[in-house]
Amino acid sequence: MGGGSAPVRERAGSAADLLPMVFARPAEALARARALLSSAPPPHDASVAHQVIGIWERDFGDLTVAIGHLRRARSLARRSGSPDREADALAALGVAVVHAGRTAEGLACLDAAAVRGDSLTAARVLFRRGRVLWILGRHREALDDLRRAVPVLRAAGDTIWTARALTLRGLVHLSFGAIEQVDLDFSAAERLWELTEQDHDRVLAVWNRGSVAYRAGDLPAALRHYDEVAIRLGALGTPALALYIDRCAVLLAAGLAEEALQEADRAAALIDQTRGQATVKAELVLVAAQSAMAAGDPGTAVARALTALRLFTSQRRGWWEAHARLVLFQARVAGGRVSGRMVGDIAVLAARLARLGSPETVQASLLAGRAALALGWASDADRHLAAAASGRHRGPAPARADGWLAEALRAAAAGRARTVFHACRSGLDALDEHRLTLGASELRARATAQGAELAAVAQRAALRSGDPRRLLVWSERWRATALAVPPSRPPVDQDVLRDTTAYREITGRVEAARSEGRPAPALEREQRRLERAIRARTLRSRGEGTAEGRPFDPRALLEELGDGWLVEIVDVDGDVHVLLCGRGRVRRFQAGRVADAAGEIEHLRAGLRRLAYEPAPAGPAARPSGPAAARLLALEAGARRLQETLLGPAVRHLGPGAVVMVPPGRLHGVPWAALPALRDRVLGVSPSARAWLRAKRVPAPAGGGVVLVRGPGLATGGGEVPSLAGAYPAATVLRDGTATVSAVLAAVDGAPLAHIAAHGDFRADSPMFSSLRMDDGRLTVHDVEGLGRAPYRIVLPSCDSGRLAPVGADELLGLAAALLPLGTAGIVASLVPVSDEAVVPLMLSLHDGLRAGLGMAEALRDARRALPGDPGHQATGWSFTAIGAA
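Since this is a predicted model, take the numbers as computed values, not measurements. Throughout, residues of each chain are indexed from 1 in the direction in which the sequence is written. Local features in a predicted model are, by the rule used here, given only for residues with pLDDT of at least 70; side-chain atom pairs are given and counted only at 80 or more, and totals for whole chains, interfaces and linings are based on all residues. Side-chain calculation: all heavy atoms of the structure are included, whereas hydrogens and water are not.

**Quick notes on the overall build of the protein chain**
Counting from the N terminus, the helices are DSSP H or I runs at least four residues long and the strands are E runs at least two residues long. Looking only at helices and strands, the protein chain has 38 helices and 16 strands in total. Expressed as a percentage of its 886 residues, the buried residues of the protein chain come to 58%. We call two residues contacting when some pair of their heavy atoms lies within 4.5 Å. The long-range fraction of contacts in the protein chain, counting pairs at least 24 apart against all pairs at least 6 apart in sequence, stands at 70%. In the structure as shown, the protein chain presents an accessible area of about 33500 Å², 52% of it carried by carbon and sulfur atoms. Categorising residues by exposure relies on relative accessible area from a 1.4 Å probe, with only protein chains included: less than 20% of the type maximum marks a residue as buried, more than 50% marks it as exposed, and the intermediate range marks it as partly exposed. Here, Shrake-Rupley sampling with a 1.4 Å probe gives the accessible areas, and only protein chains in the shown set may cover a residue.

Pasting the structure below:
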C-alpha cells in the first residue's frame, strides 16, 4: 500500500505494468524493473523502474537503498517533463523518508507532490499522505485526506486505488474503535480486490481482518488470519516484519507475554540487520515494552519504553509517543516509583489520549488512580478511577474488565463492600465471556492473568468482612477456572496429525542421538519447528464452552465432605490464610508468608529426590545411618517448618477423617504427604474445591476394564506391570513394542482404570509438551486432550508425572490438568523424580487397595504404610499424591 503508479496514459512500453505489479507479484516486478534499466530506457521508463525497485526495497529490503532509488526516480521524472510522473515519484519518496524516521522531510515531499499533476494523481498522493498520517498517529488528518481522495478515485473508475483508500480508511476507523464503519470499508474494499489480480493487496485484506478480530477480542480468529497472511506472503516471496507487531499484540492479549517479548525483540533486531523501516522498529520496541510489563519485568519495560519514546519523538509520531509514555509510566509505577508529580503527569497523559481518541484512555486513568491511591490521595484517586470506570460498559470484554477494576478499586477505597463485590463479579464475568471464546486450554489458562487483580480485590474485601465462607466463595471464583470446561473439540486437522506423527519420530531420533553422545542440531531444530507448528494450530482453535452459571455454594461442599475435611489455602497479598472446611463449618486461620514457603518447598523436593535414590540398608531390621540418616533428619525438620508456614494453627483443629488439600497454583508442587500432620492420613489434592466436587460427582463407567501400559527404558522394566497383569486377568496389557501412542490412547479412552508405567518428562518451558515415553515416541498433553473421555482413574508412576505448571491467575498446565476436565475423577502421580525400583512395591500395594474397593487416596495411604522403613522407600511414598476425588 502506498507505492504509487503514474496515470496509465503517461506510461510507456514495457514500463506500463510495473507499478501495479509491485503489489501483485513483487518478485516479478523487481526482476522486470532491473531488466528494464539494463536496456537504457528513456527517462520516463527509467523513473518507473527505479521507483519499483525503491518500493520493493522500502517494504521488503534495505530502506537506505530504497531512498537512493526513489531519489533517482524523482530526478528522472523531472527530466521526462511529466508533472504526473514527478508527483508520483515524489510521493513514493516521501513515504520512504517518513519510514526512515525523517518525518518533516517526508511530509514536505508529500505536500509538494499533492500540488503537482492532475486530479487523479493528486488523489493518489492524498491517499499516500493519509497513510503516512495514519502511521504517525494523526488519525483525523488522515481521514480528511481520504475523504477528499475516495470520491475522485471512484469517479475515475480506479479500482485498485479506491480499494486501497477504503482499506486505509477502515484502518483509521479501527484506531478510533469504530468497528461498524471498519467493517463497511473493509467489505467494500474486498469486493473491489476480487476484480483485480493484486495478490499482495488481497493478502493485506486478510491481515486487516485479523486486526479487526483482535480488536473485537476474538484472539483465535486473529491468529488464524495472521498465520494465513504469513503463509501467503511467504508464497509471494515478500517478508512482512510489520506482521510481528500485530501477532505480538495478540500473543500479549492471550497472556503469552514472554513469547511476545521474544518475538518483538527478534523482529526489531532483524530490522536493524536489514536496515529496514524505522517506523516499524519503533512499534516493535513498544510492543516489547508492553510485553515486558505483562511478564512482570518492569526494568526491561522501562528500557524498551524509553527507546520507543525516543524513536517516536524523533519521528514526530505524537499518537505513538503518548502510548510509549503510558507504558513508561506503568513500568515505573510497577517498580514502586510513584510521586505526586507523576500522578499529575499521568492525568495529563490520560486527557491527551482522550483527545486522540485512544482506547488506552481507560488504562491511563486507571494508572493515575492507582498512583494516587499509593500516595493516599483519596479525592484524586476517586476522580481518576471514576474516569476509568466509565469504560466498564463499552468495548471488548478485556477493556470492560479494566473499567470494572477501576470501579472496584474506587469502591474499596471508599469502604463500599457491596459495590466492590458487584464490580469484581461483573469484571470477572466479562473475562469469562472472553476466556470461553478460546479453544486452547493453554490460552484459557493464561488469559486468566488479567482477572488476578479483580479476584485479589474481592478477596481483600471478603477478608475484611470477617466471613470465612465469603472468602471461600471469592477464592473459588477465579481458581482453576480453565479446568472447569473441557478443551475445544475442533474438526480433525490432517496437518496437525501429520506434524504430530513427525514430531514423535524426530523426538525419538533426538533422544537416540543423545543417548549415544552424538550432537543432533538439525534434528533439534526440526523438533522445535514441529512444536511451534502444533502449538500454533492449537492456539487458533475457538472455544464454544459456557461458564458454570451458579456461584460456588459452601453448603454443598460441606454436605459432600461428610466426616472429611477440605483445606483451602488462600494467598492474600502474600499472607497465607487457611480455610478449614468440615463438620458444617468454614473457619479461617492465618499462617505464614508465601515467600517463606517457596524456599522450604524447593528444599523439601530436593531432599526427596536425593533420598529416593538412597540404597536400602542391608537386612530386614537395618536402620538408616550416616549421611542418609542426616538427610532424613534434615528433611523432617524442613517438612515441619513448611507445615507451620502453610497450615499454621489450622493443623491443631483437624479432626479425624480424610483431608483434601486445595492449594493455589504456585503451591501445587508441595509434597503434602511429607508434612507430619498429613503423613498418615487419607490425603488428596485438588486444584479447587469446585473441581473436587465435580470429580466427586463423576459417575464410574459401567463397562470397560483395566489398562496396563509399560513404556520403554524403565530401570525395572516396569516391574509392577507383569504382577498387575496376573492380578487383573482381563486387563488390556500394552508392552514390548505394542505400547504405541495410538494404541495407548485407544485403550485408555473411557477406561475405568489405567496404569501407565512410562518415563515422564515435564516441560516447564512448554507444559503442553509434557509427555510420557511410549514405544513409538512421546504421548503429550496435546494427545491427551484428543481423548473422547479420559480414564475414570489413572495411575502414573513415572517421574514428574504429577507436576503442574502454574500460569495465569491461579491456573495449571500439565498432564493431570489435561485429564481432569475430560472426566478423570482420580489420579495417582509423582511430584518429584523417583526411583523405578522403589516404585514397584508402592504400586503393587496401591492396586491391592484399589481391588479391595478403596479410593485412590485411601489406597495410597495404605501403600505408604506398607513400604519398608528405609529413606529411599519412605521418600518415594511421600513423593506421590492423589489428585481428584475417586
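Moving on, there is more to tell.
**Regarding the packing of aromatic side chains**
Any Phe, Tyr or Trp ring, taking Trp's six-membered ring, that has another such ring centre within 6.5 Å forms a pair; planes under 30 degrees apart are called stacked, those over 60 apart edge-to-face, and the others tilted. A complete count under the given rule lists five aromatic pairs for this structure. With a centroid separation of 5.1 Å and an interplanar angle of 75°, the aromatic rings of W319 and W320 are classed as edge-to-face. Taking relative accessible area as the criterion, W319 reaches 11% and is therefore assigned buried. W320 sits in the buried class, given a relative accessible area of 17%. These aromatic residues form a ring-pair network of at least three members: F312, W319 and W320. Charges are assigned to positions over rings by a cutoff of 6 Å between ring centre and Lys NZ or Arg CZ, combined with an angular limit of 35 degrees from the ring normal. The residue whose ring lies beneath R164 is W161, and the NZ or CZ to ring-centre distance is 5.0 Å. Taking the ring centre of W404 as reference, the NZ or CZ of R392 above it sits at 5.3 Å.

**A closer look at the sheet that holds strand β9 (residues 760-761)**
Two strands pair under a simple rule: DSSP has to find at least two bridges between them. Taking strand neighbours across the sheet as the criterion, the three strands line up as β9-β10-β11 in an open arrangement whose pairing is antiparallel. Edge positions in the open sheet fall to β9 and β11 (777-780), since each of these has one partner strand only. For β9 and strand β10 (residues 771-774), the ladder comprises two bridges, and the chain directions are antiparallel. Within the sheet, the bridge partner assigned to G760 lies in β10 and is L772. Lines fitted to C-alpha atoms define the axes, with helix axes restricted to the stretch in contact, and inter-axis angles between N-to-C directions lie between 0 and 180 degrees. Taken strand by strand, helix α33 (residues 741-748) contacts β10 and β11, and its axis lies near 35° from that of β11.

**Quick look at the confidence of the model for the protein chain**
pLDDT expresses how confident the predictor is about each individual residue, on a scale running from 0 to 100. Across the protein chain, pLDDT averages 85, with 89% of residues at or above 70. Considering only residues more than four positions removed or in separate chains, one finds that residues 1-13, a stretch of pLDDT under 50, has 52 contacts.

**What to know about the side chain of E57**
When you line up the elements, E57 lands in helix α3 (residues 43-60). In this tally, Lys and Arg are treated as positive and Asp and Glu as negative; His is ignored, and so are the chain termini. Here a salt bridge means any side-chain nitrogen of Lys or Arg lying within 4 Å of a carboxyl oxygen belonging to Asp or Glu. One buried charged residue, E57, forms no salt bridge at all, with the nearest opposite charge on R34 at 4.1 Å. In protein, a polar contact means a hydrogen-donor-capable atom and an acceptor-capable atom, both N or O and within 3.5 Å, with residues adjacent in sequence counting only if both atoms are side-chain atoms; elsewhere, any N or O pair within 3.5 Å suffices. Among the polar contacts listed, one links the side chain of E57 to the backbone nitrogen of D62, at a separation of 2.9 Å.

**Comments concerning a positive patch on the surface**
Among the surface-exposed residues, R266, R525, R528 and R532 lie close enough to one another that they form a single positively charged patch. At three residues, the largest contribution of residues to the positive patch is made by helix α27 (residues 521-539). Topologically, R525 is positioned in helix α27. Residues with no salt bridge and a relative accessible area higher than 30% make up the patches, which join like charges within 9 Å and nonpolar side chains (Val, Leu, Ile, Met, Phe, Trp, Tyr) within 5 Å. All charge positions are set by atom: Lys at NZ, Arg at CZ, Asp at CG, Glu at CD.

**Digging into the pairing of strand β1 (residues 565-572)**
Most of β1 sits out of view: seven of its eight residues are buried. The sheet contact formed by β1 and strand β4 (residues 659-662) spans four bridges and is parallel. For V567, the partnering residue across the bridge sits in β4 and is M661. Bridging between β1 and strand β2 (residues 575-582) involves seven bridges; their strand directions are antiparallel. Its bridge partner lying in β2, V567 is registered against L580. If you look at the hairpin formed by β1 and β2, you'll find two residues sitting between the two strands, and D573 has a positive phi there, around 55°.

**A few points about the nonpolar core**
One finds W207, V229, L284, L286 and F312 to be the most contacted residues of the largest nonpolar core, which totals 51 residues. Ranked by residues supplied to this core, first place goes to helix α15 (residues 278-294) with nine residues. If sequence neighbours within four positions are ignored, V229 has contacts with V203, V206, W207 and L243. In this description, a nonpolar core means a group of buried Ala, Val, Leu, Ile, Met, Phe, Trp, Tyr and Cys residues linked to one another through side-chain atoms lying within 4.5 Å.

**Notes on the pattern of salt bridges**
Close approach of charged atoms allows side chains with opposite charge to pair. Using the criterion set out here, one finds 48 salt bridges in the structure. Of the charged contacts, one joins D201 and R164 as a salt bridge, the two residues approaching to 3.4 Å between their closest N and O atoms. In this pair, D201 is assigned in helix α11 (residues 199-215) and R164 in helix α9 (residues 159-176), connecting sequence segments 37 residues apart. Relative accessible area serves as the criterion here: at 2%, D201 is assigned to the buried category.

**Some words on the packing of helix α12 (residues 219-236) against helix α13 (residues 242-253)**
One can describe the packing of α12 onto α13 by two numbers: an axis separation of 10 Å at closest approach and a directional angle of 155°. Between α12 and α13, the interaxial angle falls into the category roughly antiparallel. Of the two possible hands of crossing, α12 and α13 adopt the one that is left-handed. Taken together, the residues of α13 that come into contact with α12 (itself represented by L219, A222, L223, Y226, D227, V229 and A230) are L243, D246, R247, V250 and A253. Residue classes in the contact of α12 with α13 are distributed as nine nonpolar, no polar and three charged. Each angle is binned into one of four classes, with values under 35 degrees roughly parallel, values over 145 roughly antiparallel, values of 65 to 115 roughly perpendicular, and all other values oblique. Crossing handedness is defined as follows: a turn of the near helix away from the far one that is anticlockwise and smaller than a right angle gives a left-handed crossing, while the clockwise case is right-handed. Throughout, the ten residues Ala, Val, Leu, Ile, Met, Phe, Trp, Tyr, Cys and Pro are labelled nonpolar, Asp, Glu, Lys and Arg are labelled charged, and all others, Gly among them, are labelled polar.

**A look at the environment of A324**
By secondary structure assignment, the location of A324 is in helix α17 (residues 318-334). According to the relative accessible area criterion, A324 is buried, its value standing at 0%. Note: C-alpha distance between A324 and A308 (16 residues apart in sequence) is 6.2 Å. Those residues in contact with A324 that sit more than four places away from it in its chain are L286, A305, A308, L309 and F312.

**Digging into the pairing of strand β3 (residues 585-593)**
Pairing geometry for β2 and β3, over seven bridges, is antiparallel. Of the residues in β3, the one forming a bridge with D575 is R593. Hairpin geometry of β2 and β3 is characterised by an intervening segment of two residues between the two adjacent antiparallel strands and by a positive phi of about 55° at R583.

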